[in-house]
Amino acid sequence: MEEKLKKLLSDPERKMNAAEINYLASAFRENMFTVLHERQTGHWGGASSAAEIITSLYFNRLNIDPKNPNWEDRDRFILSKGHASINLYTVLAARGYFPLEDTHQFRTLGAYLQGHPAMLKVPGVDMSSGALGHGLSIGVGIQLAARLSGKKYWTYVLTGEGCLNEGSTWEAIMYAAKEKVKGLVLMIDYNKVQLDGTEADIMPLDPLAEKIKAFGWHLCPNKYDGNKAEDVLDSFKWMDSDDIWPKAVIYDTIKGKDVSFSEGKNTWHGCAIDDEHYELGIKELKAITAKREALV
Amino acid sequence: MSMQMREAFGRHLAELGKTHPEIVVLDADVSASTKSAIFGKAFPDRFFNVGVAEGNLAGIAAGLATAGYRPVINSFAIFLELKSIDQIRHDMCYNNLPVIIAGAYGGFSDSFDGASHQAVEDISIFRAIPNMEVIVPSDAHQAELALEYALTRNNPVYIRLNRNAMPDIDTDTDAFFKAKAVKCVEGKDVTIAATGITASMACDAAKLLEAEGISAEVFSCPFVKPIDSTSIFESAKKTGALVTVEEAVLNGGFSGALAEEAFRAGFACKVKTIGLDNCFGETGPYVPLLAKYGLSAENIASEAMKLLGK
């Protein structure tokens, strides 16, 4: 691990700035790509697209205590697109929930790092996921609990297109609007590519923003590049700017981000990474990490 | 005649709400039918009507459960077994969350609405899922006990409720809270193990058999999972013959659970299973509908006699 990265991770409680998060996310991508290559299983495309969003949450935003993962006042994060598990595990490890070395046991028999997030096995996972379209309902439930108990925590639910293909997500969207559920934030990792093809080919969601607004949600009006920490941090400012609920933010992202041959390709949704592509890809990732490191 | 199970359950839920601030109740636009509206009226802040959206119903409940609440979700059993099952399996059972799933209108009890509303696979489906317990009360009192029992558990519990006013049976409360089969009638010639509302039919069947000189031992078996096979097999060992009765498909349900245990234990005796043999129900008045599909005291008695070669 680079000295600068070690130094940053030695004080994970500090709210990182955009340059630092960009650097961390890039370094985390290297770890994800390497683990997925080692294991020959897992989902690179959707994990990579969410890197800056998840890193920003855990290193700038969430009120959490890795020493006490079940702290009842903590903010919650639900990775509704559970196939991006290697991203979440890498970030949780870097944040101090478990050793980063453990990420290399991902998807091995007997390991606690299950193929998809499992809350009873992995410290820091607030809700198991994997079957798409479940996260938002759970987020509604957790925030209704906060309403009843008077607690101040928030729940952030990250979905991709897949979750928005599922009818259950729209059930939750309708109900959250009816209840004006406070503290509930829907974050959409909008990379526009699904498993079988592009979103346009498989299940067009556009005009997504208009749909979410029409369903009664407080949608962030800004266009954000979800692969830039500057934009993600700005979206956090927007979340704090008023008390209108529930809130949603759409982040434009790129599936398979930062590995040129995987960017925007549905074929890299969940395929095994062979040696040849690993060598090419990790070289590109390292080059980007070095550039981002120079800006820290 | 007993109170309707759903009415008893709904009232008891509202009663327990006074002393259990952690109970929250959710319904999917059928609270007037499930009677969860009684709780909703008493505790409007702890009652959530999510509309006709059973998947969301179960997911929200799982979220509430992770934050320390005790959700009770209510809908027709048929919709919970089929529309909520994704969230029940992934969000509740995989995470072993203490949610109570109250399936109203179980079995044929929504008789006039026909097969679309008749939950006959719920027992089989729910008992297949790890961590889930399955209770099929025999009367209104058992429905109340099932709720109290479920509140002591730290795992998901499915309780199948009946729509209609059906006869009462006597229940040994201690046995119930130990998840045991409840012995209703002592006998020596044949054992009848019945789950749900069929237990009162089995008790009546015992009277019919008595007139024929046959002494039947009858159990009400509210617990399908865990299944108290020990009590049933001990009795069947004594009598040498076992009749099982359930208002459900025979595949993987109550008799299925007993068969699995018997297979593992190497236990065998003469057996007749009464239930739905690979078929759906139909529209009609409840008790005649049950009888048409073999669920009556007369048929149970008749099958018991056939089993005994009489």
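## Looking at the overall build of chain A
Assigned secondary structure in chain A consists of 12 helices and six strands. At 18 Å, chain A has a C-alpha radius of gyration in line with the 19 Å of a compact globule built from 296 residues. Counting only C-alpha atoms and orienting by the principal axes, one finds that chain A spans roughly 50 × 45 × 40 Å. Looking at chain A as a whole, 51% of its 296 residues are labelled buried.

## Describing the sheet that holds strand S4 (residues 100–104) of chain B
Residue and element names in this part refer to chain B. Taken together, seven strands build an open sheet; the order of strands is S2-S1-S3-S4-S6-S5-S10 and the sheet is mixed. The open sheet has two free edges, formed respectively by strand S2 (47–49) and strand S10 (223–225), since each of these has just one partner strand. Recorded for the sheet is a direction-independent mean angle of 20° between the axes of neighbouring strands. As paired elements, strand S3 (residues 70–76) and S4 share five bridges and run parallel to each other. From the neighbouring strand, Val72 faces S4, where its bridge partner is Ile100. Helix H1 (residues 5–19) rests against strand S1 (23–27), S3 and S4 of the sheet, and its axis sits at about 145° to S1. Together, S1, S2 and S3 form the strand contacts of helix H4 (residues 54–66), whose direction differs from that of S3 by roughly 170°.

## A few points about the interface of chain B and chain A
Listed by partner, the interface residues are 25 residues for chain B and 20 residues for chain A. Broken down by secondary-structure element, the contributors of at least two residues to the side of chain B that touches chain A are H4 and helix H6 (85–93) of chain B. Ranked by the residues each element gives to the side of chain B that touches chain A, the list is headed by H4(B), at nine residues. The residue inventory of the side of chain B that touches chain A, partitioned by class, reads 10 nonpolar, 11 polar and four charged.

## Observations concerning the pairing of strand S6 (residues 247–252) of chain A
Residue and element names in this part refer to chain A. Most of S6 sits inside the fold, with five of its six residues counted as buried. Here strand S3 (residues 184–190) pairs with S6 via six bridges, running parallel. Opposite Tyr190, over in S6, you have Asp252 as the bridge partner. Here two bridges tie strand S4 (residues 218–219) to S6, and the two strands are oriented parallel to one another. Counterpart to His218 in the pairing with S6 is Lys247. Pairing geometry for strand S5 (residues 224–225) and S6, over two bridges, is parallel. Of the residues in S6, the one forming a bridge with Asp225 is Asp252. Taking the sense of rotation as the criterion, the β-α-β connection linking S5, helix H11 (residues 229–239) and S6 turns out right-handed.

## Section: the nonpolar core
Residues Ile159(B), Ile192(B) and Ala202(B) are the most contacted members of the largest nonpolar core, which totals 188 residues. Here the element with the most residues in this core is helix H2 (residues 18–39) of chain A; it accounts for 10 residues. Viewed by domain, this core spans two of them, domain 1 (5–160) and domain 2 (173–307) of chain B, each represented by three or more residues. Apart from residues lying up to four places away in sequence, Ile159(B) is in contact with Ile100(B), Ile101(B), Ala102(B), Gly103(B), Ile135(B), Pro137(B), Ala146(B), Leu147(B) and Ala150(B).

## Quick look at the domain arrangement of chain B
Residues and elements named next belong to chain B. Structurally, chain B comprises domain 1 (5–160) and domain 2 (173–307). Just the C-alpha atoms count here: the centres of domain 1 and domain 2 sit 25 Å apart. Counting residues at the interface gives 27 residues for domain 1, matched by 33 residues for domain 2. Breaking the side of domain 1 that touches domain 2 down by element, the ones donating at least two residues are helix H7 (122–127), strand S5 (133–135) and helix H8 (140–151). With four residues, the top contributor of residues to the side of domain 1 that touches domain 2 is H8. The class makeup of the residues in the side of domain 1 that touches domain 2 is 14 nonpolar, eight polar and five charged.

## Some words on H6(B)
Judged by how many residues are buried, H6(B) sits mostly within the fold: seven of nine residues are covered. Within H6(B), the full set of buried residues consists of Gln87(B), Ile88(B), Arg89(B), His90(B), Asp91(B), Met92(B) and Cys93(B). The elements touched by buried residues of H6(B) are helix H6 (135–149) of chain A together with H4 and S4 of chain B.

## Observations regarding the sheet that holds strand S9 (residues 216–220) of chain B
Residue and element names in this part refer to chain B. Sheet architecture is open: five strands sit in the order S7-S9-S8-S11-S12, paired in mixed fashion. Each edge of the sheet is formed by a strand with only one pairing partner; in this case those strands are strand S7 (182–185) and strand S12 (270–276). Going across the sheet, the axis of each strand differs from the next one's by a mean of 20°, ignoring polarity. Examined bridge by bridge, strand S11 (residues 241–249) and S12 share six bridges and lie parallel to one another. The residue bridging Val243 from the neighbouring strand is Lys272, located in S12. The strands that helix H11 (residues 229–239) touches are strand S8 (190–194), S9 and S11; relative to S8, the one it contacts most, it runs at about 155°.

Criteria and thresholds
Residues numbered from 1 in each chain as written. Chains lettered and ligands numbered in written order. Predicted model: local features only at pLDDT ≥ 70, side-chain atom pairs only at ≥ 80, totals over all residues. Helix = DSSP H or I, 4+ residues; strand = E, 2+ residues; numbered from the N terminus. Rg over C-alpha atoms; globule rule 2.2 N^0.38 Å. Buried ≥ 20, exposed ≤ 12 C-beta atoms within 10 Å, placed from the backbone. Pairing = 2+ DSSP bridges. Axes fitted to C-alpha atoms, helices over the stretch in contact; angles between N-to-C directions. Contact = placed C-beta atoms within 7 Å. Nonpolar A, V, L, I, M, F, W, Y, C, P; charged D, E, K, R; others polar. Right-handed = clockwise from strand over helix to strand, strands pointing away. Core = buried A, V, L, I, M, F, W, Y, C linked by C-beta atoms within 7 Å. Domains from an automatic or database assignment.

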